[in-house]
Amino acid sequence: MANICRVNMGLSQILIIDIDMANHRKKERFEKITIFAYGEGSSEHVLLVYLRSIFSHGKTNPTTLDAGGGSPRNILEKAIRMRSGRGGSEFNKSFILMDKDKAILNNEIDELEKIAKENSFEIIWNSPCLEATLFKILGLYKNNMKSKTSRELKNDFKNFINEEKYVCLNKKICKKYFTKDILKSAMKRVEELKRIIEILTGNF
């Protein structure tokens, strides 16, 4: 609300409205938390956009992009460059969602975490891949799956959703299998999902 003063001048009154103060308060009221959310590929990006649509509630303003695949190091480097071109340090929080399998194979988890921290990024790892996280959300990640490769898990997920032409996650699949109730329940046991939603809701 504008700051209004009354100034007596004889029989009349002049109302002085502090427009600058009103605009400042309005800006503070509507200023959103800015988030840079970066996915390894198309599936991660679709999931981030879907989760944003359900949980951000206008409190946060997430920018969601994807790297289009690549090695973990390459994905991290692209994320740093992309954020720099979009305001860099102006983001309140930055994170990357990517698979852990290749990083483990290359023995570079610690190094990637160090680079990410130095550049104010948090890495949220799918272990070993996104499809494993999706099965965890659905409560279908069984002990016999822990020894499976990412390729095998991707194939299992394709068979589960019964889509022969499945290449990557899409909005239709998300809406069918990952309802808000399922996601809220899964937050209690799937750390990756819990952390993503915490950030998207500004609780970091």
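Per-chain numbering applies: the sequence of each chain, read as written, is numbered from 1 onward. Whole-chain, interface and lining totals are the exception, using all residues; otherwise, since this is a predicted model, local features are given only for residues with pLDDT of at least 70 and side-chain atom pairs are given and counted only at 80 or more. Excluding hydrogens and water, the side-chain values take into account all heavy atoms of the structure.

(A) Examining the overall build of the protein more closely. Secondary structure elements are defined from DSSP: runs of H or I of at least 4 residues count as helices, runs of E of at least 2 residues count as strands, and each element is numbered from the N terminus. When helices and strands are counted, the protein shows 10 helices and six strands. When checking whether two residues touch, look at their non-hydrogen atoms; a contact exists if any pair is within 4.5 Å. In the protein, 68% of the contacts between residues at least 6 apart in sequence involve partners at least 24 apart. Accessible surface area values rest on a Shrake-Rupley calculation with a 1.4 Å probe, where residue burial reflects the displayed protein chains alone. Here the protein has roughly 12100 Å² of accessible surface; of this, 50% comes from carbon and sulfur atoms.

(B) Geometry of the sheet that holds strand β6 (residues 122-126). In this scheme, strands are said to pair when DSSP sees at least two bridges between them. A sheet is described by the order of its strands in space; here four strands give the open sequence β4-β3-β5-β6, paired in parallel fashion. At either end of the open sheet lies a strand with only one pairing partner, and these are β4 (60-66) and β6. For this sheet, the mean inter-axis angle between neighbouring strands, taken without regard to orientation, is 20°. Here strand β3 (residues 33-39) runs beside strand β5 (residues 93-99); their pairing, made up of five bridges, is parallel. Paired with Ile35 across the bridge in β5 is Lys93. Interaxial angles span 0 to 180 degrees and are taken between N-to-C directions of axes, which are lines fitted to C-alpha atoms, for helices over the stretch in contact.

(C) Focus on empty space enclosed by the protein. Each cavity reported here is a set of points on a 1 Å grid over the protein atoms alone in which a 1.4 Å probe fits but cannot get out, each pocket an open set with protein on both sides within 12 Å along at least five of seven lines, and each lining residue one with an atom within 4 Å of a point. Grid points are joined across faces, edges and corners, and a volume is the space filled by probe spheres set on the points. Tallied over the entire structure, the rule returns one cavity of 30 Å³ or more. Looking at the largest cavity, the residues that line it are Glu40, Gly70, Pro72, Ile75, Met98, Asp99, Asp101 and Lys102. Looking at the lining of the largest cavity, the elements with two or more residues in it are α3 (72-84), β5 and α4 (101-105). Classes in brief: Ala, Val, Leu, Ile, Met, Phe, Trp, Tyr, Cys and Pro nonpolar; Asp, Glu, Lys and Arg charged; the others, Gly included, polar. A breakdown of the residues in the lining of the largest cavity according to their chemical character gives three nonpolar, one polar and four charged.

(D) Inspection of the confidence of the model for the protein at higher detail. For every residue, the pLDDT score states the predictor's confidence, bounded by 0 at the bottom and 100 at the top. Overall, the prediction assigns the protein a mean pLDDT of 88, with 85% of residues at 70 or greater. Counting interchain partners and residues more than four positions distant, the pLDDT-below-50 stretch residues 9-19 has 20 contacts.

(E) Quick look at the nonpolar core. Of all hydrophobic cores here, the largest spans 35 residues; its most connected members are Phe157 and Leu183. Sorting the residues of this core by element identifies β3, α2 (42-55), β5, α6 (130-138), α7 (150-161), α8 (171-177), α9 (180-186) and α10 (191-200) as the ones contributing at least two each. By size, the runner-up hydrophobic cluster in this structure holds 17 residues, among which are Phe36, Tyr38, Phe91 and Ile123. In this text, buried Ala, Val, Leu, Ile, Met, Phe, Trp, Tyr and Cys residues form a nonpolar core when linked through side-chain atoms within 4.5 Å. The classification of residues rests on relative accessible area computed with a 1.4 Å probe and restricted to protein chains. Under 20% of the type maximum is buried, over 50% is exposed, and intermediate values are partly exposed.

(F) Inspection of the side chain of Glu44 at higher detail. Examined against the element boundaries, Glu44 turns out to sit in helix α2. It is Lys154 that comes nearest to the buried, bridge-free Glu44 among opposite-charge side chains, at 5.9 Å. Those residues in contact with Glu44 that sit more than four places away from it in its chain are Gly39, Leu97, Asp99, Asn126 and Leu130. His is not counted here, nor are the chain ends, while Lys and Arg score as positive and Asp and Glu score as negative. A carboxyl oxygen of Asp or Glu within 4 Å of a side-chain nitrogen of Lys or Arg is what we treat as a salt bridge.

(G) A look at the pairing of β5. Across the seven residues of β5, seven count as buried, placing the element largely inside the fold. Alternating residues of β5 divide into Lys93, Phe95, Leu97 and Asp99 and Ser94, Ile96 and Met98, and every residue in both groups is buried. Note that β5 and β6 share five bridges and pair parallel. Bridging from a neighbouring strand, Leu97 pairs with Ile124 of β6.

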